[in-house]
Amino acid sequence: MAKFPNSPSFTGVFEPIRIEGDVTDLDIEGEVPADLDGAFFRVQPDPKHPPLLGDDIAFNGDGMIAQFRFKDGRVDFKQRYVRTDKFNLEEKAGRALFGAYRNPLTDDPSVKGRYRGTANTNAFFHGGYLFGLKEDSPAVAMDANSLETFGYHDFDGQITSPTFTAHPKIDPETGDMCCFSYASKGLLTRDMVYWEITPEGKKTREVAFEIPYYAMMHDFGLTRDYALFHVVPITSSWERLQAGLPHFGFDTTMPVHLVVLPRGGDAKDIKMFTAPNLFASHVMNAFNDGTKIYFDTPEAKNNMFPFFPDIHGAPFNGPESASHLTRWTVDMDSNSGEFESRERLSEFVGEFPRMDERYNTEAYRHGWMLGMGMGPGSRASLGHVDTSTGQAKVWQAGANRALQEPCFIPKSKDAPEGEGYIVQIQQHQDDGKSDLLLFDAQHVDEGPMAAIHVPLRMRFGLHGNWVPGEELAKARRKTTQAVAA
Ligand code: V55
Ligand code: FE
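To keep things clear, this report deals only with the structure shown in the data block. Just so we're clear, the structure is a prediction, and the values are computed from it rather than from any experiment.

Helix and strand content of the chain: three helices and 33 strands. Relative to a compact globule of 485 residues, whose C-alpha radius of gyration would be 23 Å, the chain shows 21 Å and is just as compact. The C-alpha extent of the chain, read off along each of the three principal axes, is 60 × 55 × 50 Å. When contacts within the chain are restricted to residue pairs at least 6 apart in sequence, long-range pairs at least 24 apart make up 61% of them. On the chain, roughly 19400 Å² of surface is accessible, and the fraction owed to carbon and sulfur atoms is 49%.

Let us now look at the state of the cysteines. Evaluation of the coordinates by the stated rule reveals zero disulfides. Cysteine 178 forms no disulfide, and the closest cysteine sulfur to it belongs to cysteine 179, at a distance of 7.1 Å.

This part covers the sheet that holds strand β6 (residues 122–126). Strand pairing within a sheet occurs via backbone hydrogen bonds; the two strands may be parallel or antiparallel. Across the sheet, which stays open at both edges, the four strands sit in the order β6-β7-β8-β9 with antiparallel pairing between neighbours. The open sheet terminates on both sides in strands that have one partner only, identified here as β6 and β9 (149–152). Within this sheet the neighbouring strands show an average axis-to-axis angle of 25 degrees, counted without direction.

Turning to the packing of aromatic side chains, a few remarks are in order. The final tally for this structure, using the stated rule, is 38 aromatic pairs. Measuring from centroid to centroid gives 4.9 Å for tyrosine 81 and phenylalanine 87, while their planes differ by 45 degrees, and the two rings are tilted. The same class applies to tyrosine 81 as to phenylalanine 87, namely buried. Ring centres of phenylalanine 248 and phenylalanine 308 lie 5.3 Å apart, and the angle between their planes is 75 degrees; this geometry places the pair in the edge-to-face category. Of this pair, phenylalanine 248 sits in the loop between α2 (238–243) and β17 (249–250) while phenylalanine 308 sits in the loop between β22 (292–300) and β23 (323–331), and the two are 60 residues apart along the sequence. Just as phenylalanine 248 is buried, phenylalanine 308 falls in that class too.

This part covers the site of ligand 1. In the vicinity of ligand 1, the contacting residues are Phe59, Tyr101, Arg102, Asn120, Thr121, Lys134, Glu135, Met216, His218, Ser281, Phe305 and Leu462. Tyrosine 101 is positioned such that a nitrogen or oxygen atom in its side chain is 2.5 Å from an oxygen atom of ligand 1. Between threonine 121 and ligand 1, the recorded distance is 3.4 Å, taken from a side-chain N or O atom to an oxygen atom. Protein chains shield 98% of the accessible area of ligand 1, which is 310 Å² for the free molecule. When the residues that make up the shell around ligand 1 are grouped by side-chain class, the tally is five nonpolar, four polar and three charged.

Let's shift gears to the pattern of salt bridges. Inspection of the entire model under this criterion finds 34 salt bridges. The partner of glutamate 471 in a salt bridge is lysine 474, with the nearest N and O atoms 3.9 Å apart. With glutamate 471 and lysine 474 both in helix α3 (residues 469–474), this residue pair falls three residues apart, about one helical turn. Here the salt bridges share partners, and the residues they tie into one network are Asp171, Glu196, Arg205 and Arg263.

Looking now at the nonpolar core. Counting residues in each nonpolar core, the largest one holds 51 residues, and the members touching the most others are Tyr182, Tyr194, Met217, Phe229 and Val260. Look past the residues within four positions of methionine 217 in its chain and what remains in contact with it is Phe180, Tyr182, Met192, Ile211, Phe229, His230 and Val231. Core analysis: the second largest hydrophobic core is formed by 32 residues, Ile65, Phe125, Val444 and Leu462 among them.

When you line up the elements, aspartate 176 lands in the loop between β10 (169–170) and β11 (177–182). It is arginine 263 that comes nearest to the buried, bridge-free aspartate 176 among opposite-charge side chains, at 5.9 Å. Those residues in contact with aspartate 176 that sit more than four places away from it in its chain are His126, Lys169, Ile170, Asp171, Ile197, Thr198, Pro199 and Thr204.

Think of it this way: four donors in a tetrahedron around the metal ideally sit 109.5 degrees apart, and six in an octahedron ideally sit 90 or 180 degrees apart. Taken together, His167 (NE2), His218 (NE2), His282 (NE2) and His463 (NE2) make up the protein donors of the iron ion (ligand 2), found 2.0 to 2.1 Å from the metal. Taken together, the four donor atoms coordinating the iron ion (ligand 2) and their angles of 93 to 159 degrees define a geometry best described as irregular. All donors to the iron ion (ligand 2) come from one chain, and their sequence spacing reads H-x50-H-x63-H-x180-H. You can see histidine 167 sitting in the loop between β9 and β10 and its partner histidine 463 sitting in the loop between β32 (450–454) and β33 (464–468), a full 296 residues away along the chain. There is no split in this pair, since histidine 167 and histidine 463 are both buried.

Before going further, it helps to spend a moment on unusual backbone geometry. Even without being glycine, alanine 183 reaches a positive phi, approximately 50 degrees. Locating alanine 183 in the fold gives a position in the loop between β11 and β12 (191–197). Looking at alanine 183, the relative accessible area reads 8%, which means it is buried. Notably, threonine 361 is not glycine yet its phi reads approximately 80 degrees, a positive angle. Here threonine 361 is to be found in the loop between β24 (341–355) and β25 (366–371). Overall, the relative accessible area of 6% leaves threonine 361 in the buried class.

Turning next to the sheet that holds β33. Strands sit in the order β1-β5-β4-β3-β33 across an open sheet of five strands; the sheet is antiparallel. One side of each edge strand has no neighbouring strand; the edge strands of this open sheet are β1 (21–23) and β33. On average, adjacent strands in this sheet sit at an angle of 15 degrees to one another, irrespective of strand direction. When strand β3 (residues 38–45) meets β33, the two strands line up antiparallel, connected through five bridges. In the strand pairing of β33, phenylalanine 41 is matched with asparagine 465.

Relative to the elements of secondary structure, leucine 456 occurs in the loop between β32 and β33. What makes leucine 456 buried here is its relative accessible area of 16%. With residues up to four places along the chain from it excluded, the contact list for leucine 456 reads Ile19, Gln79, Gly432, Lys433 and Ser434.

What follows deals with the environment of isoleucine 211. Along the polypeptide, isoleucine 211 turns up in the loop between β13 (203–210) and β14 (221–222). For isoleucine 211, a relative accessible area of 2% puts it in the buried group. Residues isoleucine 211 and phenylalanine 150 lie 61 residues apart in sequence; the distance between their C-alpha atoms is 33 Å.

Reading guide: rules and limits
- Residues numbered from 1 in each chain as written.
- Chains lettered and ligands numbered in written order.
- Predicted model: local features only at pLDDT ≥ 70, side-chain atom pairs only at ≥ 80, totals over all residues.
- Heavy atoms only, no water.
- Helix = DSSP H or I, 4+ residues; strand = E, 2+ residues; numbered from the N terminus.
- Rg over C-alpha atoms; globule rule 2.2 N^0.38 Å.
- Contact = heavy atoms within 4.5 Å.
- Areas by Shrake-Rupley, 256 points an atom, 1.4 Å probe, with all protein chains shown as cover.
- Disulfide = S-S within 2.5 Å.
- Pairing = 2+ DSSP bridges.
- Axes fitted to C-alpha atoms, helices over the stretch in contact; angles between N-to-C directions.
- Phe/Tyr/Trp six-rings, centres within 6.5 Å; stacked < 30°, edge-to-face > 60°.
- Buried < 20%, exposed > 50% of the residue type's maximum accessible area, 1.4 Å probe, protein only.
- Near = heavy atom within 4 Å.
- Polar contact = N/O pair within 3.5 Å; in protein donor to acceptor, adjacent residues only side chain to side chain.
- Nonpolar A, V, L, I, M, F, W, Y, C, P; charged D, E, K, R; others polar.
- Salt bridge = Lys/Arg side-chain N within 4 Å of Asp/Glu carboxyl O.
- Core = buried A, V, L, I, M, F, W, Y, C linked by side-chain atoms within 4.5 Å.
- Lys, Arg positive; Asp, Glu negative; His and termini not counted.
- Donors = N, O, S within 2.8 Å, 3.2 Å for Na, K, Ca; no water.
- Tetrahedral: all angles 85-135°; square planar, octahedral: opposite > 155°, others 65-115°.

Listed below in structure tokens is the structure:
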């Protein structure tokens, strides 16, 4: 008999949902363009079982992937758990067997040595597979059409690391998936590996290297010529795990590094640049002009994760967790070892940065972020940031509405940069319903052109991506089935 705790992580909007199912032809308020053909995938942590240790953090829930399939002006909905090894083992046992977030010392002995991944951080499509991703474990391959799970995926033995990033990027020029792992030689190790994988699944690059200290290497930057890894002191140690502290803590006394790997080079070609202490997690985009490298990230003065507390015991500092899109510049020709500059691009306060990914690795203009309401009574918002002017267009959600990460959809394959739509989940915090909102990407301030109603509660979610219909038609299928014409 399940008994979920009566704690903030499991009550109110954090109450687990655990519903898998299908809703055909969602109720739509407004208009969905009839030529929009594809699917929006996104993932939410949604604990299947009451936590082994009595309570848990939101980042440790089992990955539940939602698919919104757009075609002929209508939208079908489907959501399924990712069948990770953890999910399967716990389902068989009928209870939780894995303990605290990234602390195997807290697990039931029966699962020692097993992958602990929850696949709760990204739903990412490449080479015909939908991948459910959690950065502490390998990628989990899924059928993008049915949301059935194939299982852990080692790319035909080409990737042997026990971990795989939740933030791969596609090089728009080649279609290659550029990706990495950290803690590549085991928990808490400073080892990383960078890979490039073709759409046919062939590994074309692999570089192993080390970072100066163990850190949460959550996202990275990719330019035409470089892969960029920002080392920010969200760090850990065996002492923390043995003491039962949260895996990560933020250390305000440690420097930040940008590790630059030339994509054509090897570990010996890496250059590292150092900046004073700051907080940065996600990357909007990066690009280079010769040896000059630009890296755009929402930067905050201090920690943004209250559940990964200050290592020296300082209380969480709300105002200092506000982040602004900031451009870091480094020059590979310089031997100063320091950043050339850190320039704030916009006054909009937000995180979860996304852009028109056809312009990934290149100079770009349009970005979108989830606005962070700071202070009581503040509302969630969606911001469109023009990186050339710093101007932001903002739409504010209503009271009792939470928003999630925006995702850009190009209007057509060859539409100009930023011409298209934004989709974004809206959670109702008062009536147990949700919407997928659809905006004209460059006029978000005019409000959504459509609200696609989801007749159930969606939980706090992480990342999502759009997959065009023509890609879905070619996607790998787990079950042979008739495909609707
Ligand atoms: C993030 C989310 C995670 C995680 C590490 O920054 C970083 C987001 C949902 O899990 O494990
Ligand atoms: Fe992320």
